Amino acid sequence: MTTEHPSVPVEASAARPSRRGFLGSSAAVGAGAFAAKTLAFSAAPMTLLDAFRQPLLADELKRHDKRVILLWLAGGASQLETFDPKPGRPTGGPFRAIQTRVPGVSISELMPKMAQRLHHTAVVRGLSTGNADHGGGARLMHLGRREEPTVKFPDLGAILARELGRPESQVPDYVTFYTATEGRGNAVGQAGFLGSRYSPMYLTTDTAPPNLRRLASITENDHRERGDLRRELSDRFSTGRQSSSLASHSEAFARVGGLMASDKLFDASQEPQAIRDMYGPTLFGEQTLVARRLIEAGVPFVKISRAWWDSHGQNFETHLELVSELDHVMSGLLDDLEQRGLLDHTLVVTLSEFGRTPQINASLGRDHFANAWSATLSGCGIRRGSVYGVTDENGLNVVEGKVDAGQFFATIFQALGIDHEKSYQVGARPIPLTNPGTKPIREVLA
Amino acid sequence: MALPNECKQTKDLSRKEILLSVVRSPATGRIYAGASDGKIHSVDPAAEKPEFTEWEGHGSYVTGVALAGPSLVSGGYDGRLVWRDAASGTISRSLEAHARWIRKVVASADGRWIASVADDMVCRVWDAADGKLLHELRGHAERTPQHFPSMLYACAFSPDGTRLATVDRVGHAVVWDAATGKSLATFEVPGMYTWDPKQRIHAIGGPRSLAFSPDGQSLAVGGMGQVGNIDHLEGKTRVEIFRWEKGERSHEFVGDQFKGLVERLIYHSSGEWLLAFGGDSGGSVQVMDLAGNRIHKQEKASTHLHDAVYDESTGTAVIAAHNRLLVWNIA
């Protein structure tokens, strides 16, 4: 077992190499000096090419090329108006189903672009998560398990920031956009027992972090010289001292410096108009484009929250607006990732806290429903063009392939090459990534 | 004609389906309601034991029905217009009329023309006798200012059939010359469309109903006022009346008891009062006193009301509602 700072939980498996030691040398992968660097992990010097011959290290390297973009459909998107339509049934609503590029698989007519791209995607139609409350449902679908009073679990983004991120990275490991105010508190962004190192950079306005740019009153030269002075003083102070907090202090400055240098990453206008058109002119589209820029620059996990889907009244009008937007943004994202060769390394997830009732209420709305709903996984590690789970003819129950939150999370981890049974040691307690006995959905994994 | 003193439900005919549109044959008193199952549900509500007849013909919700002579013309979210014999139900014509959802179908009073509006943002005028397309009226943007698909909700002929009005989701209204298809006037009714840029970042509402005054000089627009929580139909019912040639608003009725959309407006032929039907999860029936510029009566209905017809001779309103056909006495 590795001996990191006591407050930081560590992987319980003693058979694994030290992540920190490993990554300390593998940083050059991202920097482009691919073949020349040696790895510190092994007693004997070893090139990166050698590393690929060792299965464990090769897996570790491959994992660190992986990225995740979560499209969080806050408020609860309707499965009937997206990925599990029931045309012609009393619960089906007015939208038709259209055939996709995957033989035998239909989705709502509101998603004509995704229908032509469903061969990139696995549709999970059997989610049955049991919590139809916004707060509880959202927490469940962010943590992958029910909360416990004595443990503060990290959310999906924090876990993936730890598993996929690089300690020396100068871009954030976890960025989350949530611009609407409704439901923002439900969309958990917490590092929990992993520590604040893995907390998200939380953007609540527009597409860029506030206060990122150098103050106009400070010249570029002054800014650089101040940084040099701080670094010199810090180095002098730390000479001969061993302290994790000193290292953390310096790392924090380095990350802020990296962020300031990469402010253009958050600027969608840096992209050609043709690329911007792929995502569309809405805020959700622009934020998703920024997410692609971020993961391309090495940010391992980005969540874009599109709120608010809670259509108790006028469900069909609301979904006509929001699904049309989702169809354009999601298909644009998949196209862009594919064209850049990133789709094989990037997992795109669409997820809500729950779905919506098959019954249509008197306001032509649909209410909260956690019994039988849908999510999707596209790209990295996924058996593309697959559908898992069957709901009954009215969409009231899952009749085959029921999936809970833990199974869905285990599937995400496995798709990224992360062992979902791996544990973090928190004090005396090993805490696995998913609850014991949880199985991933093998049928949707590549 | 004095303002009505009575306004109450007299009959409730339960249906499994959502009834979305309704028309009444003046000759027979028979009711034809378009429903969520893609069918026309026909019934004589005055019968001692009303029995429904169902006619197929659409692949989705039937949101507009109109009578033109012997023909019943229906339109739906499948984009089709279907002509059938109103007595037998036999279909004589079925057209792919619009690329998107048809929201409303109306007939001119003389039965010569049919007008349909749809989310392709076009109003099409048809020869009721042979189904020939006469005019395509284009004057509504396909996208809202926030870049989302717009919707063309309502249309109405003037009583003399010379004018045709349309209104879209963001409240852009156009009055057309029905014979030539030329735009005569435009004005804005912005207070019925709620765009929430902060809390939920989408929209709700939009004007849902139109009616010309008996003299054709005024146009009433019905919908819902601004909404705080757009998850629900919680804006106050709202009716505005415009002198359309000048675009001047003459009346504004804001519901003080009921929330939700005003889905149907019907002028009394005297021009003295106006009926408004609609609701949120419940329903409301309101009588507007136009001379007094006040809501004369407002009554609660058991569920959301989607459409209505009114027979002045008997004071009977028949209402298409959520899972019901309702009969009210308003006299």
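Given the structure is predicted, the values throughout are model-derived calculations rather than measurements.

**A look at the confidence of the model for chain A**
Residue and element names in this part refer to chain A.
Move 1: A residue-level look at chain A finds 84% of positions with pLDDT of 70 or above and a mean pLDDT of 86.
Move 2: Note that pLDDT drops below 50 for residues 1-8; the model gives that stretch 14 contacts with residues more than four away or on any other chain.
Move 3: Segment residues 13-53: pLDDT under 50, and 70 contacts once partners within four positions in sequence are set aside and those in other chains are kept.

**Some words on helix α11 (residues 283-296) of chain A**
All names here are of chain A.
Move 1: Spanning 14 residues, α11 covers 20 Å between terminal C-alpha atoms, matching the ideal 20 Å at 1.5 Å per step.
Move 2: The element α11 is largely enclosed, with a buried count of 11 among its 14 residues.
Move 3: Listed as buried for α11 are Phe284, Gly285, Gln287, Thr288, Leu289, Val290, Ala291, Arg292, Arg293, Leu294 and Ile295.
Move 4: Structurally, α11 contributes buried residues whose contacts are with β2 (67-74), β6 (174-178), α10 (273-279), β8 (301-307), α12 (315-339) and β9 (346-351).
Move 5: Phi turns positive, to about 115°, at Gly298, one or two residues after α11.

**Considering the packing of α11 of chain A against α12 of chain A**
All names here are of chain A.
Move 1: Running from N to C, α11 and α12 cross one another at 20°; their axes reach a closest spacing of 10 Å. Compared by their axis directions, α11 and α12 come out roughly parallel. Both α11 and α12 take part in a crossing whose hand is right-handed. Residues Phe284, Gly285, Thr288, Leu289, Arg292 and Ile295 of α11 form the contact with α12, whose participating residues are Glu325, Leu326, Val329, Leu333, Asp336 and Leu337.
Move 2: In terms of residue class, the contact of α11 with α12 is built from seven nonpolar, two polar and three charged.

**Quick look at the domain arrangement of chain A**
All names here are of chain A.
Move 1: Along its sequence, chain A is organised into domain 1 (1-64), domain 2 (67-208 + 267-444) and domain 3 (211-265).
Move 2: Between domain 2 and domain 3, the C-alpha centre-to-centre distance is 36 Å.
Move 3: In this complex, domain 2 contributes 14 residues to the contact, which on the side of domain 3 involves nine residues.
Move 4: Interface of domain 2 and domain 3: buried area, both sides summed, is about 980 Å²; carbon and sulfur atoms make up 51% of it.
Move 5: The tally of links from domain 2 across to domain 3 stands at zero salt bridges.
Move 6: On inspection of domain 2 and its partner domain 3, the count reaches four residue pairs in polar contact (both at pLDDT 80 or more).
Move 7: A per-element tally of the side of domain 2 that touches domain 3 places α11 first, with three residues.

What counts, and where the lines are drawn
Residues numbered from 1 in each chain as written. Chains lettered and ligands numbered in written order. Predicted model: local features only at pLDDT ≥ 70, side-chain atom pairs only at ≥ 80, totals over all residues. Heavy atoms only, no water. pLDDT = per-residue confidence, 0-100. Contact = heavy atoms within 4.5 Å. Helix = DSSP H or I, 4+ residues; strand = E, 2+ residues; numbered from the N terminus. Expected span 1.5 Å × (residues − 1). Buried < 20%, exposed > 50% of the residue type's maximum accessible area, 1.4 Å probe, protein only. Axes fitted to C-alpha atoms, helices over the stretch in contact; angles between N-to-C directions. Parallel < 35°, antiparallel > 145°, perpendicular 65-115°, else oblique. Left-handed = near helix turned anticlockwise from the far one by under 90°. Nonpolar A, V, L, I, M, F, W, Y, C, P; charged D, E, K, R; others polar. Domains from an automatic or database assignment. Buried area = accessible area lost by both parts, 1.4 Å probe. Salt bridge = Lys/Arg side-chain N within 4 Å of Asp/Glu carboxyl O. Polar contact = N/O pair within 3.5 Å; in protein donor to acceptor, adjacent residues only side chain to side chain.

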